[in-house]
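Report on the structure
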Amino acid sequence: MKAGTALNTRLDHRNPLVFDTHELGRRPGAMQRLSREIEAPADFGLVDVIGVPEGAPVKIELRLESVMEGVLVTGTVRAKAVGECVRCLETVERELKADFQEMFSYPDADDRGRPKAEPADDAEDDEDMLFLEDGLFDLEPVLRDAVVLALPMQPVCREDCLGLCPDCGVSLNDDPEHHHDAVDIRWAALQELVVTDQDDEKDNMSGTASDGVQSAAEKQEK
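Residues numbered from 1 in each chain as written. Predicted model: local features only at pLDDT ≥ 70, side-chain atom pairs only at ≥ 80, totals over all residues. Heavy atoms only, no water.

Remarks on the overall build of the protein
From N to C terminus, the protein includes 3 helices and 9 strands. Here the protein holds 222 residues, and 32% of them are scored as buried. For the protein, long-range pairs separated by at least 24 residues make up 63% of all intrachain contacts whose partners lie at least 6 apart in sequence. Of the roughly 15200 Å² that the protein leaves accessible, carbon and sulfur atoms contribute 49%. (Helix = DSSP H or I, 4+ residues; strand = E, 2+ residues; numbered from the N terminus. Buried < 20%, exposed > 50% of the residue type's maximum accessible area, 1.4 Å probe, protein only. Contact = heavy atoms within 4.5 Å. Areas by Shrake-Rupley, 256 points an atom, 1.4 Å probe, with all protein chains shown as cover.)

See below:
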């Protein structure tokens with residue numbers, strides 16, 4: 001969330017991820033603890049890999065501390081993440097716990113706690129800063145970052161997962177001895193010729209035997 005965006009967007013106090021800091025009263029040293037359980041928003045994690053399902057319960061514990069330049073938010077988020085094993089494609093579930101800390105600054109104070117005499121010349125310095133708006137702050141972007149960093153980039157159902165057979169897709173976890181006889185494509189054409197010759201030889205031998213039986217029968221009749 002950019003600084004300019006934060007200042008131009010009205011936060012809705014009814015949003016479960018928007019918190020009110022008015023009780024701190026801009027008194028440095030004041031502290032407040034909060035606990036809240038919310039429903040996970042959409043795309044809460046690594047999209048198409050692993051994440052907290054939309055609507056799943058998410059537990060948040062916060063400590064708000066008033067400092068000279070704003071409110072320091074320290075917290076923990078807990079939830080259950082669901083994804084897919086990158087090796088065998090089975091469902092993966094993980095109990096997620098992530099700690100985070102973020103400063104939400106007062107719009108009228110710089111990083112030393114003194115009022116700004118004039119707008120900052122270098123806007124890039126404020127791009128990564130989060131600001132309070134009328135005493136409110138939106139925790140969602142902070143939570144998203146914390147959850148993404150706590151999730152495995154390549155989730156597996158177990159560390160020794162054998163994955164799937166690359167030839168037929170059978171799970172090697174169910175059948176570790178499963179394999180296919182490898183054939184060198186350079187010899188495949190020659191192998192086909194050998195098989196064809198063997199088949200022709202069998203046909204010839206079958207035909208010769210049949211002719212011999214027929215000749216013996218004719219001699220017997222005479």
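Picking up where we left off.
Some thoughts on the pairing of strand β7 (residues 91-105)
Taken together, the 15 bridges between strand β6 (residues 70-84) and β7 define a ladder with antiparallel strand orientation. Bridge pairing in β7 places Thr74 opposite Gln101. Counted along the chain from β6 to the antiparallel partner β7, the turn is 6 residues long, and its residue Leu89 has a positive phi close to 70°. Sheet topology note: the β7/strand β8 (residues 130-131) ladder contains 2 bridges and is parallel. (Pairing = 2+ DSSP bridges.)

Focus: the state of the cysteines
Enumeration over the complete set of coordinates arrives at 0 disulfides. Free of any disulfide, Cys157 has its nearest neighbouring cysteine sulfur in Cys88, separated by 3.6 Å. Classification of Cys157 by relative accessible area gives partly exposed; the value is 31%. Cys168 takes part in no disulfide bond, and the closest cysteine sulfur to it belongs to Cys165, at a distance of 3.7 Å. With relative accessibility at 41%, the residue Cys168 sits in the partly exposed group. (Disulfide = S-S within 2.5 Å.)

Quick notes on helix α2 (residues 140-150)
Here α2 has its buried residues at Val142, Leu143, Ala146 and Val147. An end-on view of α2 places all buried positions within 130° of arc, on one side of the element. Across α2 from its buried face, at more than 90 degrees, point the exposed residues Asp145 and Leu149. On its buried face, α2 sits against β3 (44-46), β5 (57-67), β6, β7 and β8. (Arc of directions from axis to C-beta.)

Looking at the nonpolar core
Soluble globular proteins: nonpolar side chains tend toward being buried together. Among the nonpolar cores identified, the biggest contains 34 residues, and Val58, Val73, Phe100 and Leu139 are the most heavily contacted of them. Counting only elements with at least two residues in this core, the list comes to β3, β4 (50-52), β5, β6, β7 and α2. Counting residues per element, this core draws most heavily on β6, which supplies 5 residues. Once you skip the residues sitting within four places of it in the chain, Phe100 turns out to touch Leu62, Val73, Thr74, Gly75, Thr76, Val77, Leu139, Val142, Leu143 and Ala146. Grouped together as the second largest cluster of nonpolar side chains are 5 residues, Cys85, Cys88, Val156 and Cys161 included. (Core = buried A, V, L, I, M, F, W, Y, C linked by side-chain atoms within 4.5 Å.)

Re the packing of aromatic side chains
Within the structure shown, the criterion is met by 2 aromatic pairs. With a centroid separation of 5.6 Å and an interplanar angle of 15°, the aromatic rings of Phe19 and Phe137 are classed as stacked. On the criterion of sequence distance, the pair formed by Phe19 in strand β1 (residues 18-20) and Phe137 in strand β9 (residues 136-138) is long-range, its members being 118 residues apart. By relative accessible area, Phe19 is classed as buried at 1%. For Phe137, a relative accessible area of 0% corresponds to the buried category. Taken together through their ring pairs, the aromatic side chains of Phe19, Phe104 and Phe137 make up a single cluster. The ring of Tyr106 is capped by Arg26, whose NZ or CZ atom sits 3.7 Å from the centre of that ring. (Phe/Tyr/Trp six-rings, centres within 6.5 Å; stacked < 30°, edge-to-face > 60°. Lys NZ or Arg CZ within 6 Å of the ring centre and 35° of its normal.)

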